[in-house]
Amino acid sequence: MIHASIGKLQRVPLREVWKHEAYDFTQWLQENIDILNDSLDLNLVTADREQAAGSFSIDLVAEDEDGTTYVIENQLEKSNHDHLGKLITYLTARSARGGIWIVSEPRPEHVAAMAWLNESGNADFYLVKVEAVRIGDSPAAPLLTLIVGPSEEAKETGRAKQELAERYDIRKRWWTALVAHPGAKLHSHITPGSYSWLGVSSGIRGLNLNYVVTQSECGAELYIDRGKDAEEENTRIFDELLVSQAQIDNAISFPVSWQRLDSRRACRLRIDLPGGYRSPEEEWPAIQAKLVEAMTQLEQALRHVLKTLTVGHQ
């Protein structure tokens, strides 16, 4: 049986194929833009060299069949910050839809940066590795490999991260306003954070007086959690407080929700109020005034009862 011979793929130093980045590689790419299209799933139909971007000169400015602009930055060496900065500068200067960065060796930090740009911006960013290969004595052939490219998943991830960052920022503003309220003396020493709750100890370990907030609601609560493996102890404290439910409820002008939370480790007493951090900011003062009053009443109603607990001080 005769076996067909199989050649061995060999990599060729790029400078043996394109001696000069601007004069050789960029010109070759301009004349062979279809090879780039195949790698990126684009349909670029024109590419012009040495286009101006202010006082800078772009390697290539390409357009697809719809007239959408892409800037191309070539670098026949390891990726570096200088060329990444150029790519972003050129893209901004030309209001381009996308930026294509072709390098011989992408550094991990630049792979991460391009992925972040795809998540964070409205433009599309492509990081492409260029190699030259041959089989046996054949002429060298280009090999373009997409390392990073845009995707709907990346955009969705970016939108989710942006929404999360905005949520943290607005919650911090919410807490900053709340601890500055004249009536919020119990929590006034707390540095505002960005989480959904802000709390202080009631004076007994594991029993905290917390403010909580969501997008549309807020609340004041006594949160009972003595730590790991303390489910039974938490429940005993809750049940002991429950004996004084009528006394506590009568001392508070807001409805109190007694939540034993049997499926969870903690228990709580909660006063829920309408209005949260997504409410219009001009409504925050009125919402927070009620919230501070709810916390004040809750703390005063619990003050004597907590001192009488038989299990909470252990």
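A brief report on the enclosed structure follows. For clarity, every value in this text was computed on a predicted model and none was experimentally measured.

**A short note on the overall build of the chain**
- Scanning the chain for helices and strands turns up 9 helices and 12 strands.
- The globule rule puts the C-alpha radius of gyration for 314 residues at 20 Å, and the 32 Å found for the chain is more than 25% above it.
- Dimensions of the chain, computed from the C-alpha atoms along their principal axes, are close to 95 × 60 × 30 Å.
- Across the 314 residues in the chain, those meeting the buried criterion constitute 43%.
- Here the chain displays about 17000 Å² of accessible surface, and carbon together with sulfur accounts for 50% of that area.
- A distance of 8 Å separates the average location of the 33 positive side-chain charges in the chain from that of its 46 negative side-chain charges.

**Examining the environment of Ser138**
- Position of Ser138 among the secondary structure elements: in the loop between strand E6 (124-135) and strand E7 (141-148).
- Expressed as a C-alpha distance, the spacing of Ser138 and Phe56, which sit 82 residues apart in the sequence, is 38 Å.
- Of note is the side chain of Ser138, whose polar atom sits 2.9 Å from the backbone oxygen of Ile135.

**Points about helix H5 (residues 108-120)**
- With 13 residues, H5 should cover 18 Å at 1.5 Å per step; its first-to-last C-alpha distance of 18 Å lies within 8% of that length.
- Regarding H5, the residues found buried are His110, Met114, Leu117, Asn118 and Glu119.

**Quick look at the nonpolar core**
- Of all hydrophobic cores here, the largest spans 43 residues; its most connected members are Trp174, Leu222, Ile224, Leu241 and Leu269.
- Those elements giving two or more residues to this core turn out to be helix H6 (152-179), strand E8 (197-204), strand E9 (207-213), strand E10 (217-224), helix H7 (231-242), strand E12 (267-274) and helix H9 (284-307).
- Among the elements that take part in this core, H9 stands out by supplying 11 residues, more than any other.
- Ignoring any residue separated from it by four or fewer positions in sequence, one finds Leu269 in contact with Ala220, Glu221, Leu222, Ile224, Phe238, Leu241, Val256, Ser257, Trp258 and Leu302.
- If you look at the next biggest cluster of nonpolar residues, it comprises 24 residues, including Leu42, Ala47, Ile102 and Tyr126.

**Details of the sheet that holds strand E11 (residues 257-259)**
- The 5 strands are arranged E8-E9-E10-E12-E11 in an open sheet whose pairing can be described as antiparallel. This sheet does not close on itself; its edge strands, each paired only once, are E8 and E11. For this sheet the average axis-to-axis angle between neighbouring strands, irrespective of direction, equals 20°.
- Judged from the 8 bridges that link them, E10 and E12 form a sheet pairing that is antiparallel. Counterpart to Ala220 in the pairing with E12 is Ile271.
- Along the sheet, H7 makes contact with E9, E10, E11 and E12, crossing E12 at roughly 65°.
- Strand contacts of H9: E8, E9, E10 and E12, with the helix running at about 15° to E10, the strand carrying the most contacts.

**Comments concerning the packing of aromatic side chains**
- Applying the stated criterion across every chain yields a total of 6 aromatic pairs.
- An angle of 70° between the planes, with centres 5.9 Å apart, marks the rings of Phe238 and Trp258 as edge-to-face. Remark: Trp258 occurs in strand E11 and Phe238 occurs in helix H7; sequence separation between them is 20 residues.
- For Phe238, a relative accessible area of 2% corresponds to the buried category.
- Through successive ring pairs, a cluster of aromatic residues spans Trp18, Phe25 and Trp28.

**Notes on the packing of helix H2 (residues 21-31) against helix H3 (residues 33-40)**
- H3 packs onto H2 with a crossing angle of 75° between their chain directions and a minimal axis gap of 5 Å. By the angle between their axes, H2 is roughly perpendicular relative to H3. On the side of H2, the interface is formed by Trp28, Leu29, Gln30 and Glu31, while H3 contributes Ile33, Ile35 and Leu36.

**Points about the side chain of His110**
- Considering the arrangement of structural elements, one finds His110 in helix H5.
- Taking relative accessible area as the criterion, His110 reaches 2% and is therefore assigned buried.

**Regarding a nonpolar patch on the surface**
- A cluster of nonpolar side chains, Leu164, Tyr168, Tyr195 and Trp197, forms an exposed patch at the surface whose accessible area comes to about 440 Å².
- The residue Tyr195 is located in the loop between H6 and E8 in this model.
- In this structure Tyr195 comes out as exposed when scored by relative accessible area, which is 55%.

**Section: helix H4 (residues 81-93)**
- Taking 1.5 Å per residue as the helical rise, H4 with its 13 residues ought to reach 18 Å, and the 18 Å between its terminal C-alpha atoms agrees with that figure.
- Among the residues of H4, those classed as buried are His83, Leu84, Leu87, Tyr90 and Leu91. Buried residues of H4, viewed axially, fall in a sector of 130°; they line one side. H4 presents His81 and Thr92 as exposed residues on the side facing more than 90 degrees away from its buried surface.
- For H4, the side-chain oxygen to backbone nitrogen distance between the N-cap and Asp82 is 3.3 Å, and the N-cap itself is Asn80.
- Looking one or two residues beyond H4, the residue adopting positive phi is Ser95, at roughly 50°.

What counts, and where the lines are drawn
- Residues numbered from 1 in each chain as written.
- Predicted model: local features only at pLDDT ≥ 70, side-chain atom pairs only at ≥ 80, totals over all residues.
- Heavy atoms only, no water.
- Helix = DSSP H or I, 4+ residues; strand = E, 2+ residues; numbered from the N terminus.
- Rg over C-alpha atoms; globule rule 2.2 N^0.38 Å.
- Buried < 20%, exposed > 50% of the residue type's maximum accessible area, 1.4 Å probe, protein only.
- Areas by Shrake-Rupley, 256 points an atom, 1.4 Å probe, with all protein chains shown as cover.
- Lys, Arg positive; Asp, Glu negative; His and termini not counted.
- Charge placed at Lys NZ, Arg CZ, Asp CG, Glu CD.
- Polar contact = N/O pair within 3.5 Å; in protein donor to acceptor, adjacent residues only side chain to side chain.
- Expected span 1.5 Å × (residues − 1).
- Core = buried A, V, L, I, M, F, W, Y, C linked by side-chain atoms within 4.5 Å.
- Contact = heavy atoms within 4.5 Å.
- Pairing = 2+ DSSP bridges.
- Axes fitted to C-alpha atoms, helices over the stretch in contact; angles between N-to-C directions.
- Phe/Tyr/Trp six-rings, centres within 6.5 Å; stacked < 30°, edge-to-face > 60°.
- Parallel < 35°, antiparallel > 145°, perpendicular 65-115°, else oblique.
- Patch = residues over 30% accessible without salt bridge, like charges linked within 9 Å, V, L, I, M, F, W, Y side chains within 5 Å.
- Salt bridge = Lys/Arg side-chain N within 4 Å of Asp/Glu carboxyl O.
- Arc of directions from axis to C-beta.

Honestly, that's just the spatial picture; any functional story needs more than this.
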